[in-house]
Amino acid sequence: MATNTSNISVSYSNLRDFIHSAMLSQGLPDGDALKVASLMAEADMQGSDGHGVIRLPQYIKRIRAGGINKNPNIRVVNEMPGSAVVDGDNAMGHLVVSHAVDLAIEKARHCGVAWVSTRMSNHAGPASLYSRKTLQHDMLGLYFAVGNANHLPPWGGSDMLLSTNPISAAIPGAEEPPVVLDMATTVAAYGKVKAKAKRGEQMPVGWMIDRQGQPLTDPNRANEGFLLPIGDYKGYGLALIVGMLAGTLGGAAMGRDVVDFNADHVTTTNTGQAILVINLAAFGDPAVFKHAVDKLVREIRESERLPGVERIWLPGEQSHEKRQAYETQGIPVAPFLIDELNLLAAEMKIKPIVTMA
């Protein structure tokens, strides 16, 4: 068992292969298992460690409990030239959203703009995994999702009817890294709360409050309070609108219908997501647009800074740097998580996770 507190490096390929083996051991078809594993490992690769391999034990519990359909029929149930609704048949969310994004990209080739909603999906990892998929096609992507548990009340209330409801946008540059926004509509995503609890760390003041309105900093007491929205009432409004677009519009769960997948491993969640894809060619020469993005990025980065500020960051730059570093240095994984994953591996009778020397 690991006893040190320093993170342990794991290559992307080793992390992907470990997750792939775990999913295969639970009965997912090989192609589906590999796609889920690749996306989960990519989440860790970009530094979204609250949505990567740390989620594997929870996914395994849900698969074993019958809360995930291992052999789904993911299909389009409503369609027009520039839109569609994809029914995920209660599959792993990574598979459902990937299907939706691929469909939206193909539609945007012909229509210029395409919107695809999902229903009967599940948790799919960080939002930016999917908005980024559009970049290699000279397109930009906007992604919306309903969170997989309600942790946010309406502004002024205490009844948790809303979730973290994330939004992501990915906008390509020419020479500069893409501008990639990935944010919850709460001050912190609930995945970060779970990661703090796993690491034995306290939360900063301002993430959560208890039902008396007092700061809540112990992540192990998270069920005694709720997350705070970004920008106070404005964040509440944004969470509501994102939920309506990602959930209600496509016939997915919203409000009281949202299932807490942290506590319930059996009930179908009917999670909703939506992807909006914009083909740059529909608005002119993509190269001209991307060079304009570069110009704006450099203006912002090189603008005058406040005292003590070393650098102005653009959305997605830090994740981009992590991707580059982790490709050669490996993905840092906490020792407690290595131990947990290896115990799970022994139970599933698969090889333990392979770490870098």
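Here the structure is shown first, and the text comes after it.
Residues numbered from 1 in each chain as written. Predicted model: local features only at pLDDT ≥ 70, side-chain atom pairs only at ≥ 80, totals over all residues. Heavy atoms only, no water.

Enquirer: Explanation requested: the overall build of the chain in the structure shown.
Expert: Helix and strand counts for the chain come out as 10 helices and 12 strands. For the chain, whose C-alpha radius of gyration is 20 Å, the value lies close to the compact-globule estimate of 21 Å for 357 residues. For the C-alpha atoms alone, the extent of the chain along its principal axes is close to 55 × 55 × 50 Å. Within the chain, the fraction of its 357 residues that count as buried is 50%. Sequence separation of at least 24 residues holds for 67% of the intrachain contacts in the chain that already meet a minimum separation of 6. Accessible surface for the chain amounts to roughly 16200 Å². Of this, 53% is attributable to carbon and sulfur atoms. A gap of 3 Å separates the mean positions of the 32 positive and 36 negative side-chain charges of the chain. (Helix = DSSP H or I, 4+ residues; strand = E, 2+ residues; numbered from the N terminus. Rg over C-alpha atoms; globule rule 2.2 N^0.38 Å. Buried < 20%, exposed > 50% of the residue type's maximum accessible area, 1.4 Å probe, protein only. Contact = heavy atoms within 4.5 Å. Areas by Shrake-Rupley, 256 points an atom, 1.4 Å probe, with all protein chains shown as cover. Lys, Arg positive; Asp, Glu negative; His and termini not counted. Charge placed at Lys NZ, Arg CZ, Asp CG, Glu CD.)

Enquirer: It is not clear to me how helix α1 (residues 12-25) should be interpreted in this structure. Could you clarify?
Expert: Residue pairs three or four apart in sequence face the same way in an α-helix, which turns once every 3.6 residues. With 14 residues, α1 should reach 20 Å at 1.5 Å per residue; the first-to-last C-alpha distance of 20 Å fits that figure. Among the structural elements, β1 (8-10), α2 (30-45), α3 (56-65), β12 (331-333) and α10 (335-348) are those in contact with the buried residues of α1. Positive phi appears at G27, one or two residues downstream of α1, with a value of about 100°. (Expected span 1.5 Å × (residues − 1).)

Enquirer: Please clarify how the nonpolar core should be interpreted in this entry.
Expert: For soluble globular proteins, nonpolar side chains are generally found buried alongside one another. In this structure, L15, F18, I19, M23, L56 and M92 are the most contacted members of the largest nonpolar core, which totals 36 residues. Only β1, α1, α2, α3, β12 and α10 provide two or more residues apiece to this core. Among all residues touching M23, those that are not within four sequence positions of it are L28, A33, V36, M40, L56, Y59, I63 and M92. A104, A124, Y130 and I275 belong to the second-largest nonpolar core, a separate cluster that totals 24 residues. (Core = buried A, V, L, I, M, F, W, Y, C linked by side-chain atoms within 4.5 Å.)

Enquirer: What's the story with the pattern of salt bridges in this structure? I'm lost.
Expert: Side chains that carry opposite charge are capable of pairing whenever their charged atoms lie near each other. Within this structure, the stated rule accounts for 21 salt bridges. Here E299 makes a salt bridge to K295, at a shortest N to O gap of 2.6 Å. Here K295 and E299 lie together in helix α8 (residues 286-301), a separation of four residues that amounts to about one turn. The exposure class assigned to E299 is partly exposed, which follows from its relative accessible area of 42%. One salt bridge in this structure joins R311 and E321, with 3.1 Å as the shortest N-O distance. Of the two residues, R311 sits in the loop between α8 and α9 (317-329) while E321 sits in helix α9, which places them 10 residues apart along the sequence. Taking the relative accessible area as the measure of exposure, R311 reaches 31% and is therefore partly exposed. (Salt bridge = Lys/Arg side-chain N within 4 Å of Asp/Glu carboxyl O.)

Enquirer: Looking at this structure, how should I read the side chain of R301?
Expert: Within the secondary structure layout, R301 lies in helix α8. Separated by 2.4 Å, the side chains of R301 and E317 make a polar contact. In this structure, R301 is in contact with E176, R311, I312, L314 and E317, ignoring residues within four places of it in sequence. (Polar contact = N/O pair within 3.5 Å; in protein donor to acceptor, adjacent residues only side chain to side chain.)

Enquirer: Could you clarify how one ought to interpret the packing of α3 against α10 in this entry?
Expert: A pair of packed helices can be characterised by two numbers: the angle between their axes and the separation between those axes. Here α3 crosses α10 at 30°, and the two axes come no closer than 10 Å. Comparing their axes, α10 and α3 come out roughly parallel. Residues L56, P57, I60 and R64 of α3 pack against E340, L341, L344, E347 and M348 of α10. Classifying every residue of the contact of α3 with α10 gives six nonpolar, no polar and three charged. (Axes fitted to C-alpha atoms, helices over the stretch in contact; angles between N-to-C directions. Parallel < 35°, antiparallel > 145°, perpendicular 65-115°, else oblique. Nonpolar A, V, L, I, M, F, W, Y, C, P; charged D, E, K, R; others polar.)

Enquirer: Got a minute to help me understand the sheet that holds strand β10 (residues 225-227) in this structure?
Expert: As a general point, the strands of a sheet are linked pairwise by backbone hydrogen bonds and lie either parallel or antiparallel. Pairing is antiparallel across the open sheet formed by three strands, whose spatial order is β9-β8-β10. A strand with exactly one partner marks an edge of an open sheet, and here the two such strands are β9 (215-216) and β10. Where strand β8 (residues 208-210) and β10 come together, three bridges link them in antiparallel fashion. For M208, the partnering residue across the bridge sits in β10 and is L227. (Pairing = 2+ DSSP bridges.)

Enquirer: Any chance you could explain the sheet that holds strand β4 (residues 113-119) here in plain terms?
Expert: With mixed pairing, seven strands are arranged side by side in an open sheet as β2-β3-β4-β11-β5-β6-β7. Each edge of the sheet is formed by a strand with only one pairing partner; in this case those strands are β2 (75-80) and β7 (179-183). Here the strands of the sheet are splayed against their neighbours by 10° on average, with no regard to which way each runs. Bridge count for strand β5 (residues 139-145) against strand β11 (residues 273-279) is seven bridges, and the pairing is antiparallel. Residue pairing for β11: G141 is matched across the bridge by V277. Of the strands in this sheet, β2, β3 (83-87), β4, β5 and β11 are in contact with helix α4 (residues 93-111), which crosses β4 at around 160°.

Enquirer: Would you take a moment to explain α2 for this structure?
Expert: The terminal C-alpha atoms of α2, which comprises 16 residues, lie 22 Å apart, in line with the 22 Å expected from a rise of 1.5 Å per residue. Along α2, the residues classified as buried are A33, V36, A37, L39, M40, A41, A43, D44 and M45. Turning to α2, the residues buried within the fold contact α1, α3, α4, α5 (128-131), α9 and β12. After α2 finishes, the residue G47 shows a positive phi value of roughly 90°.

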